[in-house]
Amino acid sequence: MTINIGSIAPVAPAAPAVTEAQRPKRSPGTLPVSLATIIAIIAAWSLASAYGLVSPLFLPSPLIVLKAIYSVAVNGFVDSTLAQHTLASLLRIFAALAAALVIGIPAGLAIGTSRIGKGILDPIVEFLRPLPPLAYLPLIIIWIGIGEASKITVIALAMLPPIILSTAAGVKSAPADFINAARSFGATRLQILVQVILPSAIPSILTGTRIALGAGWSTLVAAELVAASRGLGFMIQSAAQFLVTDIVIAGIIVIAVIAFLFEILARLLERWFVPWAAHR
Amino acid sequence: MSVLSLQSVSLAFPADRDSRETRLVLDGVTLHLASDEFIAVIGRSGSGKTSLLNLAAGFLKPTSGRVSVDGADITGPAADRAVVFQDDALYPWLNARDNVAFPLKLRGIAKGERRLRADELLAKVGLENAGSKNIWELSGGMRQRVGIARALASEPRFLLLDEPLGALDALTRTRLQQFLLKVWSESKTGALLITHSIEEAMLLATRVVVLAPNPGRIIADIPASFGRQLLGGKSLQDIKDSPEYRRLHDGLTGLIHADSEEEAA
Ligand SMILES: Nc1ncnc2c1ncn2[C@@H]1O[C@H](COP(=O)(O)OP(=O)(O)OP(=O)(O)O)[C@@H](O)[C@H]1O
Ligand SMILES: [Mg+2]
């Protein structure tokens, strides 16, 4: 027996031991590979432009893009600095997020807790959800003009479905015992909603907010391509019209970095606000 | 003195999802729980014990029969009947103290006083130092004690306990049984304890009720005094060695066993 176990030991028992040891550290296994991939892409990009494989008009070298980022940051482009473009975009995102949360969470609670609420809101959400926001942007511009309000509205509309649906899903995930316990202590319906169902739904709402930020961010850039005088999407669009490819790529990189930072921020918020979600 | 009564209570559930047929889960159950009594309900899995407790709590409405407190039909769950759940059902977003204070918060009691009363109750269940601990940092036994403290905070006339000690190891379970007995004797509430353990039922209850399955019905309702003996200082071993304990234990085992053979036949 012992001989048998000994002979397979190097293979079989080693595998679970490794995964067990790595689990708490959140998969460090992929990080070096991902870094290597990024470095390889930048290297390929550098080589392609250094050896003139691609015209600099289409693909400027990483160094030129870096310089473009610096130049936009210091001197600006089309009347605004990089910080101003970024701030304009971020303000729109956060205004839209605030509106979407204020409307979406109560709507999700209504869908999750009331038959009538679900009956009324389900068709609206299901109509809105599959629509690409740019399809209704022109209509919204006709309705409320080309100013900030129309952009914020479109972004908020893009953010609403994930927030509503995740809130409703969170409501359904509230354990029956949690609600029954409160009822046996004499809680009113409103107390149950606010003190039991809403806290139960918060992990799900945060996940929905993360998805909403992603949807909002892509809608934002697209909306700014159509109608804006400041913002990252507008900056890219203007640069493209003048074939200033380095600024186009600079804008794309800034957008990617901000989206990445959103993701990290969302995860930090999750760990901060709902540390218990990991222990359910 | 209050009395929680189930009178000729029957309960039917839909037999399966889309049929109109129903399956009788409880049939003509009559049970009166006075607020100085400790009733333990035993019976095999699926005999309708949880359903019985859910009816008493007001989570379920009987298909026929009456559930009342002091003669007045209940309309649903209320603060006079606090429930302790098998899976503790503590709120993970609140620490231990705030969980205990939760029923007080529902009643609009001010924060300072809530805290004071919650700490008193935590001390009563032997957790004076665990107030600011997160729920997931507590052991199973500690959680059940927090759950019991939370139910007591509601100052109920009746405590309804659905296998609160079922998931604990034997040693913790024995300790918590004695603890539960002490809490009950000091709190002057009626207790309805659902349990799988004949021994637990006998050691705690003033009455042991046996539920037979398919459909659930009461086949025995037997007074017991071992809890009082324990409280009076008699040792656990002496009680278990006594002939009357052995006789009742054998009797109850026979009842549940006979019932399962009838099932198999
Ligand atoms: N919501 C429900 N819908 C349909 N059938 C149900 C429902 N709840 C319980 N039942 C059925 O009623 C019967 C009694 O269930 P109950 O949970 O009361 O038993 P129990 O004695 O508490 O069992 P256990 O000891 O396993 O907890 C079971 O056969 C169960 O399948
Ligand atoms: Mg049960």
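Residues numbered from 1 in each chain as written. Chains lettered and ligands numbered in written order. Predicted model: local features only at pLDDT ≥ 70, side-chain atom pairs only at ≥ 80, totals over all residues. Heavy atoms only, no water.

*Asks:* How would you sum up the interface of chain B and chain A? Please name residues and give values.
*Replies:* Much of the literature gives interface size as the accessible area that the parts lose upon coming together. At the interface, 22 residues of chain B touch 18 residues of chain A. Counting the surface chain B buries against chain A, the share from its top three residues, B:Trp93, B:Leu106 and B:Trp136, is 36%. Run the count over chain B and chain A and you get zero salt bridges. Between the two partners, chain B and chain A, sit four residue pairs in polar contact (both at pLDDT 80 or more). (Contact = heavy atoms within 4.5 Å. Buried area = accessible area lost by both parts, 1.4 Å probe. Salt bridge = Lys/Arg side-chain N within 4 Å of Asp/Glu carboxyl O. Polar contact = N/O pair within 3.5 Å; in protein donor to acceptor, adjacent residues only side chain to side chain.)

*Asks:* Please give an account of the site of ligand 1 that cites residues and values.
*Replies:* Residue and element names in this part refer to chain B. The environment of ligand 1 is formed by 13 residues, the closest being Arg23, Ser45, Lys49, Thr50 and Ser51. For ligand 1, an oxygen atom lies 2.4 Å from a polar atom in the side chain of Ser45. In isolation ligand 1 has 640 Å² of accessible area, and contact with the protein removes 61% of it. Elements that contribute at least two residues to the shell around ligand 1 include exactly strand E2 (22–34) and helix H1 (49–57). A per-class count over the shell around ligand 1 returns two nonpolar, seven polar and four charged. (Near = heavy atom within 4 Å. Areas by Shrake-Rupley, 256 points an atom, 1.4 Å probe, with all protein chains shown as cover. Helix = DSSP H or I, 4+ residues; strand = E, 2+ residues; numbered from the N terminus. Nonpolar A, V, L, I, M, F, W, Y, C, P; charged D, E, K, R; others polar.)

*Asks:* Mind laying out unusual backbone geometry, listing which residues take part and the relevant values?
*Replies:* Residues and elements named next belong to chain B. The step from Asn214 to Pro215 runs through a cis peptide bond, and the omega angle for that step is -10°. Along the chain, the position of Pro215 falls in the loop between strand E9 (207–212) and strand E10 (217–223). Even without glycine at this site, Ala89 takes up a positive phi of about 50°. Mapped onto the elements, Ala89 comes out in the loop between strand E6 (81–84) and helix H2 (96–106). On the basis of relative accessible area, Ala89 is assigned to the buried category, the value being 1%. (Buried < 20%, exposed > 50% of the residue type's maximum accessible area, 1.4 Å probe, protein only.)

*Asks:* Describe the sheet that holds strand E4 (residues 64–69) of chain B, with residues and values.
*Replies:* Neighbouring strands of a sheet are bound in pairs by backbone hydrogen bonds; such pairs are parallel or else antiparallel. Residue and element names in this part refer to chain B. In spatial order, the strands read E2-E1-E4-E5; together these four strands make up an open sheet with antiparallel pairing. Since the sheet does not close on itself, it has two edges, and those belong to E2 and strand E5 (72–73), each with one partner. With respect to the sheet, H1 is in contact with strand E1 (3–14), E2 and E4, its orientation differing from that of E1 by roughly 120°. (Pairing = 2+ DSSP bridges. Axes fitted to C-alpha atoms, helices over the stretch in contact; angles between N-to-C directions.)

*Asks:* So what's going on with the side chain of B:Ser154? Residues and values would help.
*Replies:* With respect to the helices, strands and loops of the structure, B:Ser154 is situated in the loop between helix H4 (140–153) and strand E7 (158–162). Using a relative accessible area of 3% as the deciding quantity, one classes B:Ser154 as buried. From its side chain, B:Ser154 meets the backbone oxygen of B:Ala79 in a polar contact 3.4 Å long. Apart from the residues within four sequence positions on either side, B:Ser154 is in contact with A:Ser184, A:Phe185, B:Ala79, B:Ala82, B:Pro103 and B:Arg107.

*Asks:* Go over the pattern of salt bridges, please, and point to the residues and values.
*Replies:* The tally for this structure, following the rule as stated, stands at 20 salt bridges over all chains. Taking the shortest distance from any N to any O, the salt bridge between A:Glu263 and A:Arg267 comes out at 3.6 Å. Residue A:Glu263 and its partner A:Arg267 are located together in helix H12 (residues 245–273), separated by four residues, close to a single helical turn. B:Arg143 is the salt-bridge partner of B:Asp88, the closest N and O atoms lying 3.6 Å from each other. Of the two residues, B:Asp88 is situated in the loop between E6 and H2 and B:Arg143 in helix H4; the sequence distance between them amounts to 55 residues. Here B:Asp88 falls in the buried class, since its relative accessible area comes to 13%. Looking at B:Arg143, the relative accessible area reads 24%, which means it is partly exposed. In the salt-bridge network here, residues are joined through shared partners; they are A:Arg210, A:Glu263, A:Arg267 and A:Glu270.

*Asks:* Run through the confidence of the model for chain B, naming residues and quoting values.
*Replies:* Residue and element names in this part refer to chain B. With 97% of its residues at a pLDDT of 70 or more, chain B has an overall mean of 91. The secondary structure element of chain B with the lowest average pLDDT is helix H9 (residues 243–264), at 80, and the one with the highest is H2, at 96. Here the predicted complex scores 0.82 on pTM and 0.89 on ipTM. (pLDDT = per-residue confidence, 0-100.)

*Asks:* Can you explain the packing of helix H10 (residues 189–226) of chain A against helix H11 (residues 232–241) of chain A? Please cite residues and give values.
*Replies:* Residue and element names in this part refer to chain A. Between H10 and H11, the least distance of the axes is 7 Å, while the angle of their chain directions is 45°. Taken together, H10 and H11 sit at an angle that is classed as oblique. Handedness of the H10/H11 crossing: right-handed. Judged by residue contacts, Trp217, Val221, Glu224 and Leu225 of H10 engage Leu232, Gly233, Phe234 and Gln237 from H11. Grouping the constituent residues of the contact of H10 with H11 by class yields five nonpolar, two polar and one charged. (Parallel < 35°, antiparallel > 145°, perpendicular 65-115°, else oblique. Left-handed = near helix turned anticlockwise from the far one by under 90°.)

*Asks:* Break down the environment of B:Ala15 for me, citing the residues and quoting the values.
*Replies:* Residue and element names in this part refer to chain B. Within the secondary structure, Ala15 is located in the loop between E1 and E2. Classification of Ala15 as partly exposed rests on a relative accessible area of 36%. Every residue in contact with Ala15, bar those within four places of it in the chain, is listed here: Glu21, Thr22 and Arg23.

*Asks:* For the environment of B:Pro62, give the residues involved together with the corresponding values.
*Replies:* Residue and element names in this part refer to chain B. With respect to the helices and strands, the residue Pro62 is situated in the loop between H1 and E4. The sequence separation of Pro62 and Gly251 amounts to 189 residues, and the corresponding C-alpha distance is 31 Å. Those residues within four positions of Pro62 in sequence are excluded, and the remaining contacts are Val9, Ser10, Leu11, Leu55 and Val67.

*Asks:* An account of the packing of aromatic side chains is needed here, citing residue identities and associated values.
*Replies:* All chains considered together, the criterion is met by 11 aromatic pairs over all chains. Between B:Phe38 and B:Trp184 the ring centres are 5.4 Å apart and the planes differ by 70°, which places this aromatic pair in the edge-to-face class. Of this pair, B:Phe38 sits in strand E3 (residues 38–43) while B:Trp184 sits in helix H5 (residues 170–187); the two residues are 146 residues apart in sequence, bridging distant segments of the chain. Both residues of the pair, B:Phe38 and B:Trp184, belong to the buried class. Members of the aromatic cluster, connected to one another through ring pairs, are A:Phe178, A:Trp276, B:Tyr91, B:Trp93 and B:Phe102. A cation over an aromatic ring shows up here: B:Arg150 above the ring of B:Tyr91, its NZ or CZ 5.2 Å from the ring centre. (Phe/Tyr/Trp six-rings, centres within 6.5 Å; stacked < 30°, edge-to-face > 60°. Lys NZ or Arg CZ within 6 Å of the ring centre and 35° of its normal.)

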